[in-house]
Amino acid sequence: MTIDCADAYRLGAFWAGALGASLNDDDEPGDPEATVESPGATLLFVTVPDPKTVKNRVHLDLQPQDRTRDEEVERLLTLGATLVGDHRRPDGTGWVTLADIEGNEFCVERSAAERAG
């Protein structure tokens, strides 16, 4: 998956932290591209001159594996994400929409354990 952005290295570092992955060894600040490889997905961040102006047409949904949805939301907010929409329901279902450090929206769903519970 390729993601256009203003700063490939900075956004790649955010998503590497979010996914528990790392940037490729040859990626450095100022590079026009940065790559994050994680199990099941490779994200390529490409610096482009155009700013984000509207809602994403494609977005990532994250489903935590070793923590709850709410714990994952708090961890991502600590990394620099911002809250866009809280769609959690009193019965524990629902999701949270966040934005990464460049304003790209993504959702955090319940973990598999929470869904089974």
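In what follows, the structure referred to is the one given above.
The rules behind these values
Residues numbered from 1 in each chain as written. Predicted model: local features only at pLDDT ≥ 70, side-chain atom pairs only at ≥ 80, totals over all residues. Heavy atoms only, no water. Pairing = 2+ DSSP bridges. Helix = DSSP H or I, 4+ residues; strand = E, 2+ residues; numbered from the N terminus. Buried < 20%, exposed > 50% of the residue type's maximum accessible area, 1.4 Å probe, protein only. Arc of directions from axis to C-beta. Contact = heavy atoms within 4.5 Å.

S.K.: Help me understand the pairing of strand β3 (residues 33–38), please; the structure alone is not making it clear to me.
M.R.: Looking along a regular strand, one sees side chains alternate from face to face of the sheet. Note that strand β2 (residues 22–23) and β3 share 2 bridges and pair antiparallel. Note on β3: the bridge partner recorded for serine 22 is glutamate 37. Here β3 runs beside strand β4 (residues 41–47); their pairing, made up of 6 bridges, is antiparallel. Along β4, the bridge assignment pairs valine 36 with leucine 43. Counting the residues in the hairpin turn of β3 and β4 gives 2 residues, including glycine 40, whose phi is positive at 90°.

S.K.: Looking at this model, I keep getting lost on the sheet that holds β3. Mind explaining?
M.R.: Working definition: the strands of a sheet are paired by backbone hydrogen bonds and lie parallel or antiparallel to each other. Ordered by their spatial adjacency, 4 strands build an open sheet running β1-β4-β3-β2, and the pairing between neighbours is mixed. Where the open sheet ends on each side, the last strands, each with one partner, are β1 (2–5) and β2.

S.K.: Can you walk me through helix α2 (residues 69–79) in this structure?
M.R.: Within an α-helix, residues lying three or four positions from one another point in the same direction, as the helix has 3.6 residues per turn. Inspection of α2 places Arg69, Glu72, Val73 and Leu76 among the buried residues, and these make up the whole buried set. Buried residues of α2, viewed axially, fall in a sector of 100°; they line one side. For α2, the secondary structure elements touched by its buried residues are α1 (8–19), β5 (61–62), β7 (96–99), β8 (105–108) and α3 (112–116).

S.K.: Explain the sheet that holds strand β6 (residues 82–86) to me, please; I cannot follow it from the model alone.
M.R.: In spatial order, the strands read β5-β8-β7-β6; together these 4 strands make up an open sheet with mixed pairing. Only two strands of the sheet have a single partner each, and these edge strands are β5 and β6. Alignment of β5 against β8, held across 2 bridges, turns out to be parallel. The residue of β8 that forms the bridge with aspartate 61 is cysteine 107.

S.K.: Can you help me understand the pairing of β7 in this one?
M.R.: Burial along β7 is two-sided: the face carrying Val96 and Leu98 and the face carrying Thr97 and Ala99 are both buried. Relative to β7, β6 runs antiparallel, the two being bridged by 4 bridges. The partner of glycine 85 across the bridge, within β7, is threonine 97. As judged from the 4 bridges shared by β7 and β8, these two strands associate in the antiparallel manner. Counted as the bridge partner of threonine 97 is cysteine 107 from β8. Remark: 5 residues form the turn of the hairpin made by β7 and β8, two consecutive strands paired antiparallel; glycine 103 in that turn has positive phi of roughly 90°.

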